[in-house]
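# Observations on the three-dimensional arrangement
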Amino acid sequence: GRTMCNLCRRTGIDSLHAAKKLAQKVATEISDMDFRLSRTSFPLRLVDRLELSRAGTHGERINGTTRMAIETLNGEEVSREISTILMLHGLPAESFAATYAHELGHVWLFEQHFPELPLQVEEGLCELLAHLWLINNPSPWSDYLIHLKERSTDPVYGEGYRIALRSLNHLKPAELFEYVKKHQRFPNAPNSGHSTAP
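Let us look at the structure shown here.

What counts, and at which threshold
- Residues numbered from 1 in each chain as written.
- Predicted model: local features only at pLDDT ≥ 70, side-chain atom pairs only at ≥ 80, totals over all residues.
- Heavy atoms only, no water.
- Helix = DSSP H or I, 4+ residues; strand = E, 2+ residues; numbered from the N terminus.
- Rg over C-alpha atoms; globule rule 2.2 N^0.38 Å.
- Buried < 20%, exposed > 50% of the residue type's maximum accessible area, 1.4 Å probe, protein only.
- Contact = heavy atoms within 4.5 Å.
- Areas by Shrake-Rupley, 256 points an atom, 1.4 Å probe, with all protein chains shown as cover.
- Lys, Arg positive; Asp, Glu negative; His and termini not counted.
- Charge placed at Lys NZ, Arg CZ, Asp CG, Glu CD.
- Salt bridge = Lys/Arg side-chain N within 4 Å of Asp/Glu carboxyl O.
- Pairing = 2+ DSSP bridges.
- Axes fitted to C-alpha atoms, helices over the stretch in contact; angles between N-to-C directions.
- Parallel < 35°, antiparallel > 145°, perpendicular 65-115°, else oblique.
- Left-handed = near helix turned anticlockwise from the far one by under 90°.

## Some details on the overall build of the protein
Secondary structure assignment for the protein yields eight helices and three strands. For the protein, the sequential pattern of α-helices and β-strands runs α-α-β-α-β-β-α-α-α-α-α. The C-alpha atoms of the protein give a radius of gyration of 16 Å, which matches the 16 Å a tight globule of 198 residues would have. With respect to the principal axes defined by its C-alpha atoms, the protein has extents near 45 × 40 × 35 Å. A burial count over the protein gives 44% of its 198 residues as buried. Sequence separation of 24 or more characterises 68% of the internal contacts of the protein that already satisfy a separation of 6 or more. Entry remark: accessible area of the protein is about 10,600 Å², with carbon and sulfur atoms responsible for 49%. The averaged location of the 24 negative side-chain charges in the protein is 5 Å from the averaged location of its 22 positive side-chain charges.

Next comes the structure, spelled out in structure tokens:
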């Protein structure tokens, strides 16, 4: 049900084999950026927009979502795992990679046992991780995707990203994430936790 231009189709990720290969590359690079993941391969499925919508995603033009599971026994957590990462099929390679980097942000927060964060803060951090991947993989497409993030009018993803990015004027990425883990908000953004999904 989607229309795509020939430019996007040139590198469109249509097969699970291609998706897994690129996903593993992105996971390795994210880990090399000091965001260590438990592994470089997670369950992955390519889906259409309808299934993404049914997965309960929010915001504008969502291209991926991560399903997580926590097992408890007598009220105590005994295990946690990534059930699957759903990615929109046919995305251009750079868009797929940036989206997957965003989803790995959710994975990393989950694996690091971050507290539940306000939506704008969590999505802003994950968009920041996608931004860091893009600037480490420069290309005209990367520049274009960064431009889209900078201009996004979404109050959760766009504004969350811009607040997170401004925080890097004073903190290194690892320091910013540690601050958020402790305070559940961005530095100098006391109202960031009050934004809600559109």
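## Focus on the pattern of salt bridges
Summed over all chains, the structure comprises eight salt bridges. Close ionic contact of Glu127 with Lys149 constitutes a salt bridge, the shortest N to O distance being 3.0 Å. Placement of the pair is Glu127 in helix α5 (residues 119-136) and Lys149 in helix α6 (residues 140-151), with a sequence separation of 22 residues. Accessibility expressed as a relative area gives 11% for Glu127, which makes it buried. The exposure class of Lys149 is buried, given its relative accessible area of 13%. Here Arg162 and Glu159 are joined by a salt bridge, their closest N and O atoms 3.3 Å apart. Within this pair, Arg162 and its partner Glu159 are both found in helix α7 (residues 157-167), separated by three residues, close to a single helical turn. Three or more residues joined by partner-sharing salt bridges are found here, namely Glu159, Arg162 and Arg166.

## Focus on α7
Within α7 the residues assigned to the buried category are Tyr157, Gly158, Gly160, Tyr161, Ile163, Ala164 and Ser167. Looking at the buried positions of α7, the neighbouring elements they touch are α4 (93-111), α5, α6 and α8 (173-183).

## Details of the sheet that holds strand β2 (residues 64-73)
Strand order in this open sheet of three strands is β1-β3-β2, and the pairing throughout is mixed. Either end of the sheet is taken by a strand with one partner, and the two such strands are β1 (44-47) and β2. Each neighbouring strand pair of the sheet contributes to a mean axis angle of 25°, computed without reference to strand direction. In terms of strand pairing, β2 meets strand β3 (residues 76-88) through ten bridges, oriented antiparallel.

## Re the packing of α5 against α7
Contact geometry for α5 and α7: axes closest at 7 Å, N-to-C directions at 70°. Taken together, the axis directions place α5 and α7 in an arrangement best described as roughly perpendicular. The handedness of the crossing between α5 and α7 comes out as right-handed. The segment α5 lies against α7, with Gln120, Glu123, Gly124, Glu127, Leu128 and His131 engaging Tyr157, Glu159, Gly160, Tyr161, Ile163, Ala164 and Leu165.

Read these as spatial facts, not as claims about activity.
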